[in-house]
Every structure is written in structure tokens, then in C-alpha cells.
Amino acid sequence: MSSEAICVEGSRYLGLPRHTDRRRGESVLIERTDLDSTPLSFDPYDPAKYPNWPVLSHFILEMNLPSGPHGDSMNQAAKIGVINVSDRASVGIYEDIPGKAAVALLQEYLATPFEPVYRVIADERDEIAAALSRMADVEACCLIITTGGTGPSNRDVTPEATEDVCDKMLPGFGELMRSVSLEYVSTAILSRQTAGIRGNTLIVNLPGKPKAIRECLEAVFPAIPYCIDPVSYTH
């Protein structure tokens, strides 16, 4: 299966995403810029082998993402969907700031170019579900990020729409995001974001404020390749 190489920059070695080539017995390459410039192999499955390592100031990780609906083009960039869910942004009353913030973060985290598939839609459960389904099934996005619609109000229905279209739910994403957000605001307990898998696509709900989007995406990002890797090999 053809794939697109994605490079990820980060700040910690613990909890590194898995390199898909580990299936063939290879390991992750890390650049230890805080210690020296010598690359070395590192087994992310067993960080206990390196108990004396400090927190790394920089690492470069390559992960393989599917390049198309059937992984049939090495030259086709991976597609990542971003949906900003907002009644007012969808009709132009508010500027679409959260969705743009999510795209900017992905561009910051992923050194290899990807193709954004972008939508701004109203807080309507059926419309959100339809957009998620289309991005996953028709546009072949390997990852879909939603922003907004995760609170307790009657119009906040993004988690419900996500559950409507997913084959499997991954509640640990929401649990971690709420845990991280609680370090900043006590109202984080009201947030209901979650994540799930539809076919070969991982869907992750994020909050609607740019600051919270960064905090939450930074927290769960190391886990994302663990989902994209196995589901992308189902063809």
C-alpha cells in the first residue's frame, strides 16, 4: 500500500506516536538537538530502556498516512478534514476563527504538506453527520478534526453527530482533553468532546476556542498515529 510520509515535530519522547515501519522491525529516528546532533534509534514501545534521558527539546518523527482512498498514489498528499461547527460562523456573522486555528496547528505539527478539506457548517446534527460521512467515505480523509459544538447547550450536538457516524468510539480522547483543560478552567467538566473511527478515518472533536483547541490537540496528538496506522491497513 502506498503512503504519504508525514513528519511530526514535538517536545517529548515519552508517548511518541508509533512509526508504521515498526511492523517491519524498524524504529523511530530522533534528533537529540538538546544533547548533540547525532541521530539515534529509539524504541517508543519501551521508553523504560532510557530512564536517564531528559525531556527532549526536539524530535523529528516520520509516520505513514494513507495517500488516497486506496493508497494508490505516492504523489497525492494525505487529506485531513477540518469542520468548524458554528451557527453564526456558517452564515457569516462571526469570522471562522476556530477552524482556521485548527488548520494552522496541523500545519505547525506536520512538516510534510497535506491537503485540507474544509467546511463551516451550522449546529445541526444531521448536517454535521453528513459532512463527517462525506469527508470519510467520499473524500477519503484519514483524519477529521471538528471544532465547536461540544458544550452542554441544546444546540451543541457535535459529539452526538460523531457518535451517529462512527463504527467505534474512543472515549479516552475526550477524557484526556477534559483532564488537560481542567488545569486551566473549572468549566472544562462541561465539555463533551469525544473521538471515534469511521472506516479508515479517525474523527476527533475539539472545543471552539483557539486557546483550548491548541491545549487539547497538543495533548491528544501523540495518540493519533496509533489510530490512523492500524485503520489505514484495512484495505
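Residues numbered from 1 in each chain as written. Predicted model: local features only at pLDDT ≥ 70, side-chain atom pairs only at ≥ 80, totals over all residues. Heavy atoms only, no water.

1. Quick notes on the nonpolar core
The nonpolar side chains of a soluble globular protein tend to be buried, and buried together. Applied cut-off: Residues belong to one nonpolar core when they are buried, are Ala, Val, Leu, Ile, Met, Phe, Trp, Tyr or Cys, and are joined through side-chain atoms within 4.5 Å. Per-residue accessibility, obtained with a 1.4 Å probe over protein chains only, is compared with the maximum for each type, and a residue is labelled buried under 20%, exposed over 50%, and partly exposed between these values. Each helix corresponds to a stretch of at least 4 residues labelled H or I by DSSP, and each strand to a stretch of at least 2 residues labelled E; elements are numbered beginning at the N terminus. Contacts are assigned to residue pairs that have any heavy atoms within 4.5 Å of one another.
Counting residues in each nonpolar core, the largest one holds 28 residues, and the members touching the most others are Leu143, Phe173, Leu202, Val204 and Leu217. Breaking this core down by element, the ones donating at least two residues are β5 (79-85), α2 (97-109), β7 (143-147), α5 (171-181), β9 (195-198), β10 (201-206), α6 (210-220) and α7 (224-231). Examining the composition of this core, we find that 5 residues originate from one element, α2, more than from any other. If near-sequence neighbours (up to four positions away) are discounted, Leu217 is found in contact with Leu105, Leu106, Tyr109, Ile145, Leu206 and Ile224. Of all hydrophobic cores here, the second largest spans 17 residues; its members include Ile121, Ile144, Val157 and Ala161.

2. Comments concerning a nonpolar patch on the surface
What counts, and what does not: Two distance rules govern patches: like charges are joined within 9 Å, and nonpolar side chains (Val, Leu, Ile, Met, Phe, Trp, Tyr) within 5 Å, applied only to residues with over 30% relative accessible area and no salt bridge. Only the protein chains shown count as cover for residues, and all accessible areas are computed by the Shrake-Rupley method using a 1.4 Å probe. A pairing counts as a salt bridge when a side-chain nitrogen of Lys or Arg comes within 4 Å of a carboxyl oxygen of Asp or Glu.
A cluster of nonpolar side chains, contributed by Val91, Ile93 and Tyr94, occupies part of the molecular surface with about 330 Å² of accessible area. Residue Tyr94 is classed as partly exposed on the basis of its relative accessible area, which comes to 45%.

3. Notes on the sheet that holds β7
Heads up, the condition is: Here, any two strands with at least 2 DSSP bridges between them count as paired. Note on geometry: axes are lines fitted to C-alpha atoms, helical ones only across the stretch in contact, with angles between N-to-C directions running from 0 to 180 degrees.
If you trace the 6 strands from one edge of the open sheet to the other, you get β6-β5-β7-β10-β9-β8, paired in mixed fashion. Two strands lie at the open edges of the sheet, namely β6 (115-121) and β8 (168-169), each paired on one side alone. Bridge count between β5 and β7: 5 bridges; the pairing is parallel. Bridging from a neighbouring strand, Ile83 pairs with Thr146 of β7. Contacts from helix α3 (residues 125-137) reach β5, β6, β7, β9 and β10 within the one sheet, and its direction differs from that of β6 by about 165°.

4. Brief notes about the pattern of salt bridges
One pass over the full model with this rule turns up 10 salt bridges. Glu160 is paired through a salt bridge with Arg192; the nearest N and O atoms lie 2.7 Å apart. Taken together, the residues Glu160 in helix α4 (residues 158-165) and Arg192 in the loop between α5 and β9 connect sequence positions 32 residues apart. Of the charged contacts, one joins Lys211 and Glu215 as a salt bridge, the two residues approaching to 2.4 Å between their closest N and O atoms. Highlighted residues: Lys211 and Glu215, both in helix α6, separated by 4 residues, approximately one helical turn. Its relative accessible area of 55% is what places Lys211 among the exposed residues. The structure contains a network of salt bridges with shared partners spanning Asp87, Glu124 and Arg155.

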